[in-house]
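Chain and residue survey
Residues per chain, in single letters:
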Amino acid sequence: MSPAEFTSDPWLILLVVVPLLAAPVCVMLRSAGGAWSVATAVSWAVLAIAIKLLITVLDHGQVVYRIGGWDAPWGIEYRLDPVGVFVVLIVAAIGALVLPYAKRSVEKEIRRDRIYLFYAMLLLCLSGLLGITVTGDAFNLFVFLEISSLSSYVLISLGQDRRALTAAFRYLIMGTIGATFYIIGIGLLYQMTGTLNIADLKSIMPAVVDTRTVHAALAFLTVGISLKLALFPLHLWLPNAYTFAPSAVTAFLAATATKVSAYVLLRILFTLFGDVDLFAAFPLQEILIAMALAAMFLASLSAIWQENIKRMMAYSSIAQIGYIVLGIALATETGLTGGIVHMFNHALMKGAAFMSIGAIVFATGAVTLQQLEGIGKRMPFTMAAFVVAGLGLVGIPLTPGFISKWQLVTAALELDMWPLAALILLSSLLAVIYVWRVFEVAYLREPVIGIHKPQDVPLSMLIPTWGLALAALYFGSNASFTLDLAHTAARHLMGGL
Amino acid sequence: MIDFNTLIDWLGLFNDWIAIVLMMVGFYTVIAQHNLTKKVVGLNIFQVAVFVFYISMGKIEDGSAPILKDGVEIYSNPLPHVLILTAIVVGVATTALALALVVRIHHSYGTIEEDEIQVIEHGEEDIA
């Protein structure tokens, strides 16, 4: 590799180390306010580092950091390319917005003596998610996967309802099986190649790809990550986990965790197996498209029947993951661009949706549609943010959902897959139904009497919510930045860069 | 009659067979058991199977520990062993967290049988 292609940058490691070290600091402070201040400062520092790295990556193509100065196949290297930096940006930005939001929301939902532990866990989760994105070592990725997973089990179990405990337990069982599948796959690959470095694996892969060991490895890796990703038949942990977790946690995880897993899937399919024509050798494309379509339709249908608005949005998340995987499965430049840009857009929309729901829960304690009657009149600002997010999920023009769906439809048409393009549009109609159900209840019905009078939502919660909603509107009407970045990332994955 | 060489080939993969059998036993336990603690036990067996798989991957016949010493020429690969040390630590953390959750579930539901928990949960569907 010529020196012009990448540059070494110590900021890369700080992305992971800063939140990792700040987590024990939060524990030692033992005060809710102190832990919150540290966590917020760290999350903004991480965002600053992410933006700095974005600029470097745009200039140089790739950023590499060698841990301990050891060179790549022996040492662990951190590597950030246009794909990774996009995901880092999503995670860092959501983290920086969720933490200010979390202060008041968490004070209300979590016992005071546990709040400092909550922030420590949130920082660990942030560190793990960023680590997954930047590491260039397949086993290191597993370790970060477990850091982020273990902390998210704890975060989910801190929900007020006791069902949060069983939701966290189920997620733990499924998540651990997924992660263990992943190390089995990596072990099989290590047996065949003798290396764990992702770039190294990529170059050796063509020589060994026709062995049964590598086929088994691919199966283990795909199924394992699909569990983490909540790809359709493996999504059972997700609805309850999102429904019963504290509001801030739901917003954070819904916007970041599944996106990072989608990124790992991209890495496996297009970097690990990048030099192999994977989709010609296996019926992987057909399987992934079938799963994605099943997610888009069945999860949307489930969303329509939900009475709990948090669970409705959770099912909607599964459907939206379907769109991301559909883009990945199409495996063309346009398809990948659609999938990658939808990772970003969905993070904005779901973040805004769950934050506005969190604000409603904060003010009224209401989560079921019945309790939400007339909420649009009582809390116009909060509900308006939800409307923006909801329209985005449907894919109305000027919202980010439109941009990604347009890309996906274009990609399907490029491949002459007319029925697929039609199905993408058809599945949007299902989103219209469940989003409309909320609108109808919130705006067209009279406020119910008997529900306690809504408290004011603090600005610290409204500003991040509206920050995301406005960002969604901005990136929906002016998508050149995100689309360009996603396109660069897709070209990079397809080997054109 | 089974060909002798085939038999040796199969027996030579003894560690892998053990790993696969353990893996299936553990996986089945996780799925089939209704008791949450037993699920955790199954999860442990499942993970231990992967540890066995990794450890035997690094071991070479007659290979010694990777320490420079006169007269020793074949060394086992230490890397899978080191990796699995990390995975064991992760496994311990997961088990501890899982058991802590089981304790909390027992506190608030009064049972750790999954079917009983489901009955209780259905009773309180979406009041909150």
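Look a little higher up for the structure.
Heads up: these notes are all about the structure in this document. Quick caveat: nothing in here was measured; it's all calculated off a predicted structure.

1. Regarding the nonpolar core
Ranked by internal contacts, the top residues of the largest apolar core, which has 235 residues, are Tyr119, Tyr182, Leu269 and Phe273 of chain A together with Tyr54 of chain B. Beyond its immediate stretch of four places on either side in the chain, leucine 269 of chain A contacts Leu218, Gly274, Leu278, Phe279, Leu284, Leu288 and Ile328 of chain A.

2. Description of the interface of chain B and chain A
With 40 residues of chain B at the contact, the number on the chain A side is 36 residues. Overall, the association of chain B and chain A removes approximately 3500 Å² of surface from exposure, summing both partners, and the carbon and sulfur fraction of that is 70%. Linking chain B with chain A are one salt bridge, by the criterion used here. For glutamate 114 of chain B, the salt bridge goes to arginine 170 of chain A, with nearest N and O atoms at 3.8 Å. Across the contact surface, chain B and chain A share seven residue pairs in polar contact (both at pLDDT 80 or more). Where the side of chain B that touches chain A is concerned, the elements lending two or more residues are α2 (14-32), α3 (36-58), α4 (78-109) and α5 (114-123) of chain B. In terms of residue count, α4 of chain B provides more of the side of chain B that touches chain A than any other element does, 16 residues in total.

3. Description of the packing of helix α7 (residues 198-208) of chain A against helix α10 (residues 247-272) of chain A
Residues and elements named next belong to chain A. At their nearest, the axes of α7 and α10 sit 9 Å apart, and the two run at 45 degrees to each other. When the interaxial angle is binned, α7 and α10 end up oblique. Between α7, through Ile198, Leu201, Lys202 and Met205, and α10, the contact on the second element is made entirely by Phe270, Thr271 and Leu272. Here the residues of the contact of α7 with α10 sort into five nonpolar, one polar and one charged.

4. Topic: the side chain of lysine 350 of chain A
Relative to the elements of secondary structure, lysine 350 of chain A occurs in helix α14 (residues 333-364). The exposure class of lysine 350 of chain A is buried, given its relative accessible area of 0%.

5. Observations regarding the layout of surface pockets
Approximately 680 Å³ is the volume found for the largest pocket. Around the largest pocket, the lining comprises 27 residues; the ones closest to its centre are Arg170, Met174, Leu236 and Trp237 of chain A together with Glu114 of chain B. At the level of elements, α6 (163-193), α8 (212-229) and α9 (238-244) of chain A together with α2 and α5 of chain B are the ones that each hand at least two residues to the lining of the largest pocket. When residues in the lining of the largest pocket are grouped by element, the largest group, seven residues, is from α6 of chain A.

6. Digging into the packing of aromatic side chains
Residues and elements named next belong to chain A. Applying the stated rule across the entire model yields 17 aromatic pairs over all chains. When the centroid spacing of 4.1 Å and the interplanar angle of 10 degrees are considered together, the rings of tyrosine 171 and tryptophan 237 count as stacked. With tyrosine 171 in helix α6 and tryptophan 237 in the loop between α8 and α9, the pair connects residues that are 66 residues apart, well separated along the chain. Accessibility assignment for this pair places tyrosine 171 and tryptophan 237 in one class, buried. Between the NZ or CZ atom of lysine 103 and the centre of the ring of tryptophan 36, over which it lies, the distance is 5.1 Å. Directly above the aromatic system of phenylalanine 362 lies the positively charged group of lysine 108, at a separation of 4.8 Å from the ring centroid.

Cut-offs used in this document
Throughout this document, residue positions are counted from 1 along each chain, in the order its sequence is written. As a convention, the first chain written is A and the first ligand written is 1, with the rest following in written order. With the structure being a predicted model, the display of local features is reserved for residues of pLDDT at least 70 and the display and counting of side-chain atom pairs for 80 or more, all residues being used for whole-chain, interface and lining totals. Only hydrogens and water are removed before side-chain values are computed, so all heavy atoms of the structure are retained for them. To define a nonpolar core, start from buried Ala, Val, Leu, Ile, Met, Phe, Trp, Tyr and Cys residues and group those joined through side-chain atoms within 4.5 Å. Buried means the residue's accessible area, taken with a 1.4 Å probe over protein chains only, is under 20% of the maximum for its type, while exposed means over 50%, and partly exposed covers the values in between. The contact criterion used is simple: two residues touch if any of their non-hydrogen atoms lie within 4.5 Å. As used here, buried area is the combined drop in accessible area, with a 1.4 Å probe, of two parts when they are placed together. What counts as a salt bridge is simple: a side-chain nitrogen of Lys or Arg found within 4 Å of a carboxyl oxygen of Asp or Glu. The term polar contact refers here to a pair of N or O atoms within 3.5 Å; inside protein, the definition further demands a hydrogen-donor-capable atom paired with an acceptor-capable atom, and it admits residues adjacent in sequence only when both atoms are side-chain atoms. Every helix listed is a DSSP run of H or I at least four residues long, and every strand listed is a run of E at least two residues long, numbered separately from the N terminus. Fitted lines through C-alpha atoms serve as axes, helices being fitted only where they are in contact, and the angles separating the N-to-C directions of these axes extend from 0 to 180 degrees. Any angle that is under 35 degrees is reported as roughly parallel, and any over 145 degrees as roughly antiparallel; angles of 65 to 115 degrees are reported as roughly perpendicular and all others as oblique. Ten residues, namely Ala, Val, Leu, Ile, Met, Phe, Trp, Tyr, Cys and Pro, are considered nonpolar, four, namely Asp, Glu, Lys and Arg, are considered charged, and the remaining ones, Gly among them, are considered polar. Cavity means a closed set of points on a 1 Å grid over the protein atoms alone, one where a 1.4 Å probe fits but cannot get out, pocket means an open set with protein on both sides within 12 Å along at least 5 of 7 lines, and lining means a residue has an atom within 4 Å of a point. Grid points are joined across faces, edges and corners, and a volume is the space filled by probe spheres set on the points. The criterion for an aromatic pair is that two Phe, Tyr or Trp rings (for Trp, the six-membered ring) have centres within 6.5 Å, with stacked assigned to planes under 30 degrees apart, edge-to-face to planes over 60 apart and tilted to the rest. Our definition puts a charge over a ring when NZ of Lys or CZ of Arg is within 6 Å of the ring centre and also within 35 degrees of the ring normal.

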